[in-house]
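Spelled out, the chains give:
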Amino acid sequence: MDDYNSLPLPENVAITLEALKVPKAISFAQIIVQSSFAELVDCRQVTANDDLFFRQGDEIVVFDITPQVGQQPINDIRFVERIAVHFDALDHNIPWVYALRADFPKVVHRNALYFEQPQCLCIYENTYDELKVDWRSIKFLEDIRHWLELTAKDVLHQDDQPLEAFLIANMGTIIVPPDYKAEETLFIYYIARKGGRLSLAASRIELKNYEPYPAHVILLKGEPQAQGVIGMTPNNLTDLHQMLLGAGVDLFDVIKKTIHGLPKTAESMAQRLMIFLDLPKLAPRPGVNENDFYVFLTAENADEIGIQMQFLDKDEVNALGNVLFERTDMALGNPLGVAALLPQIQLTPDWALLLSGNIKHFDQRETRILQIGVGALGSQFFMNNARSGFGRWTLTDHDTLLPHNLVRHAGDATYMGNFKSIGLALTANQIFGGDNFADAIVENYLHPERPEELTARLQQASVIVDVSTSIAVARHLADRKDLTAKRISMFLSPSGRDLVILAEDQHRLLPLDALEFQYYQRLVDDPEMKDHLASEKGVRLSTSCRDISARISQDHVAIHAGIASAAFRKMLSMDVPMIGIWRINEANMSVIPSLIEAENEDVWEIEGWTIRVSVQLIDKIAQARLSKLPNETGGILIGGYDLERKKIYLTDTILSPKDSEEYPTAYIRGTDGVEMMLSKYSSKTADHLKYAGEWHSHPQNCSLAKSGDDIKLFEHIHQEMLAIGFPTLMIIAGDDKKYQIYFQPKH
């Protein structure tokens, strides 16, 4: 005959099923009566109102249940188990389930309450608020039976589940740095207190904005313990000492040595003890081990503990000293209280990478990245990567954080008036408890005060990302031969509706400036991009004529920053040059992506100028020539200039106008529709693409040398271009996509 434990109920009475009043208790008892595998034993109702757990009106339903158990269960679950369920009269708490058999095995998935017997079974992982949505008594009964059946087979705890904790820390929270070592100094700070629960932070560095919390830290590590039930949490030093003896730790001896080693000053001895406890766990199955980490805070100060444990005493002038003859049993006259705090390990970049679902980028997590520009898009882009734990960053920007920036900037008023780059680097490092995740160098990239330092940082980087929204910066980066890093540029359209990312390949065959002009050509080719570079009038911020801020929605910046950070990580592993445009459809807030691989280009170096020619343009010219043979044909070259850097980018052509004259040995270009077409290029690209020269074809089997008429034409073009300040360029196209560029600078 099995022996059964009783619940520690206050005053209560036995009642019939019909006398039950708690709705869930009534429904559950009725299901038991109807069940083929359960039998109702007893119903009780609490009548006293002097217990915080079993309250007046609560009801208990006791029943026998028959789980399906094999002949040789791994855990001692019987063919019949007696179970009690405690229903809260107010339905605020989940129905508690108890195994009443006195020798019920101590298995996993049990709850720790203020009493150890009978054992409380943990049937569900979800909160009661979530369970209520689909709460059915028949399912509850079946779930209890299922718990017993899985426990009998020792498969209730799945391999992918974390191991059971030894204790529940319920008196507060403390944030602690990862990999803390005993020889390190920790600073303890007070954060908040709510409802009797304390919130503290432990830091390796001093935090000026927080109130110090006086405590001496003791670091303990116990011997590995087998995974088991969540146990009763010690609330005094004696119970904690007894618990740790089983883990090979003599807590009383550690406390005595610690307090003996403290300075006997009033300030030092008035501090509490904070015990950091590391308890390794051994899983039932090999190869699955974890650590439990707990923090216990003493209720008494060091001097009170020493006196109570009778190894310290006070003399006639109230000064502390060691007692002459110490007690060896270390018994305590009165219990010395301890509060168990739940430690939350300070976030690390690796952990952030895992939690953010970016573990696929783990091998790139320490990529050295230098970011130029931390404005609206740049700041949110960086913080997205920081919160993902991705990369090791250097930020450079010379702007300060001003009030109007807070509309779209990731920084907050804490760093108002400070440099944006410094504020963001500090914010990111604080996320990781002072980890050197990011640093800052306050410089104007184009006009640095410390060019050597900036160059050194650039040379250390594996990737340089330009979020400065400055064409001059991106083009300057494109030209730098002293840097080996891959370069990526990202910016928003003037309206904030579109995001653009230009990404070089690893070998930099197409640098940023080449990608920039291919992007402009994309705007012309895509009719949906006709308003891409249109903008609203800005907002004046002060009396300065340059103090204008754009009207861009924070909603748009946030959406694009999320896309940018995700696309950035993906592009790092791609070895092809890419042009990406993401457009927000404001009607339904969907995002329309356009991601294309950039086209190859021919590069010509002529008289100190660099001319980049799109292969797509040459294909277009060759196809037009073949279609008009045996006649010659021609057209207008479209491209862009950077006169400062002496570069020309040829991207497209306006083919022969309708009024052109085409002959086997001559070509005279017409003008029909030319002005309208040139206007289209100018308006769609904000005048970045424009008239760049002329081209015409030669007959088959003819050389690409200039004829007499070609010489006259080139001189005429040169005079026209000289008048508007541009160099002269002409292409002659021949067989097999071959072509020759004729070029003359402005002077």
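The rules behind the values
- All chains use their own residue numbering, which begins from 1 and follows the written sequence.
- Restriction of local features to residues with pLDDT of at least 70 applies here, the model being predicted, together with a cutoff of 80 or more for giving and counting side-chain atom pairs; totals for whole chains, interfaces and linings are based on all residues.
- Only heavy atoms go into the side-chain values, all of them from the structure, while hydrogens and water stay out.
- By definition, any uninterrupted DSSP run of H or I lasting at least four residues is a helix, any uninterrupted run of E lasting at least two residues is a strand, and each is numbered from the N terminus.
- Residue contacts follow a heavy-atom distance rule, with two residues in contact if any of their heavy atoms lie within 4.5 Å.
- By nonpolar core is meant a set of buried Ala, Val, Leu, Ile, Met, Phe, Trp, Tyr and Cys residues that side-chain atoms within 4.5 Å join together.
- Here's how the labels work: a residue is buried when its accessible area is under 20% of the maximum for its type, exposed when over 50%, partly exposed in between, all with a 1.4 Å probe on protein chains only.
- Each pair of strands is called paired provided DSSP finds at least two bridges between the two strands.
- A fitted line through C-alpha atoms represents every axis, and for helices the fit uses only the stretch in contact; the resulting angles, taken between N-to-C directions, go from 0 to 180 degrees.
- Each residue gets one label: Ala, Val, Leu, Ile, Met, Phe, Trp, Tyr, Cys and Pro are nonpolar, Asp, Glu, Lys and Arg are charged, and the others, such as Gly, are polar.
- By convention, a stacked pair of Phe, Tyr or Trp rings (six-membered ring in the case of Trp) has centres within 6.5 Å and planes under 30 degrees apart, an edge-to-face pair has planes over 60 apart, and any other such pair is tilted.
- Any Lys NZ or Arg CZ found within 6 Å of a ring centre and within 35 degrees of that ring's normal is scored as a charge over the ring.

Draft legend 1. Structural view of the side chain of Q518. With respect to the helices and strands, Q518 occurs in helix α13 (residues 512–525). Apart from the residues within four sequence positions on either side, Q518 is in contact with L510, I579, A598, E599 and E601.

Draft legend 2. A look at the nonpolar core. In this structure, F382, W393, M490, I501 and F568 are the most contacted members of the largest nonpolar core, which totals 39 residues. In terms of residues, this core owes the most to one element, helix α14 (residues 554–572), which gives eight residues. With near-sequence residues (within four places) excluded, W393 lies in contact with R368, I369, Q371, F381, F382, N385, F437, A438, D439, V465 and F568. Within the second largest apolar cluster, 38 residues are counted, among which are V22, A29, F37 and I144.

Draft legend 3. Focus on the sheet that holds strand β4 (residues 81–87). An order of β1-β2-β3-β4-β5-β7-β6 is seen for the seven strands of this open sheet, with the pairing classed as antiparallel. Every interior strand has two partners, whereas the edge strands, β1 (12–14) and β6 (110–111), have only one. Bridging between strand β2 (residues 38–46) and strand β3 (residues 59–65) involves seven bridges; their strand directions are antiparallel. Residue C43 lies in a different strand from β3, and its bridge partner there is V61. Sheet contacts for helix α1 (residues 23–34): β2, β3 and β4; angle to β3, the most-contacted strand, approximately 20°.

Draft legend 4. Quick look at unusual backbone geometry. With an omega of -5°, the peptide bond running from Q117 to P118 counts as cis. Its place among the elements puts P118 in the loop between β6 and β7 (119–121). At D154, a position not held by glycine, the phi torsion is positive, near 60°. Assignment of secondary structure puts D154 in the loop between α3 (137–153) and β8 (172–176). By relative accessible area, D154 is classed as partly exposed at 27%. Not every positive phi belongs to a glycine, and M589 is a case in point at roughly 60°. Assignment of secondary structure puts M589 in the loop between β27 (578–585) and β28 (590–597). With a relative accessible area of 41%, M589 lands in the partly exposed category.

Draft legend 5. Focus on the packing of helix α4 (residues 237–245) against helix α5 (residues 251–260). Taken N-terminus to C-terminus, the directions of α4 and α5 make an angle of 115°; their axes are 8 Å apart at the nearest point. Listed contacts from α5 to L237, T238, L240, H241 and L244 of α4 are L251, F252 and I255. Here the residues of the contact of α4 with α5 sort into six nonpolar, two polar and no charged.

Draft legend 6. How the structure looks around the packing of aromatic side chains. Using the criterion set out here, one finds 28 aromatic pairs in the structure. An aromatic cluster of three or more residues is present, and its members are F28, F63, F87, Y124, Y128, W135 and F140. Across from the ring centre of Y4, 4.5 Å away, lies the NZ or CZ of R82, which sits over that ring. Across from the ring centre of F714, 4.5 Å away, lies the NZ or CZ of K706, which sits over that ring.

Draft legend 7. Quick peek at the environment of L650. With respect to the helices and strands, L650 occurs in strand β32 (residues 647–655). Using a relative accessible area of 1% as the deciding quantity, one classes L650 as buried. Spatially, the C-alpha atoms of L650 and I464 are 26 Å apart, while their sequence positions differ by 186 residues. Setting aside anything within four residues of it in sequence, one finds L650 in contact with I611, R612, V613, S614, L617, L637, I638, G639, A692, L729 and I731.

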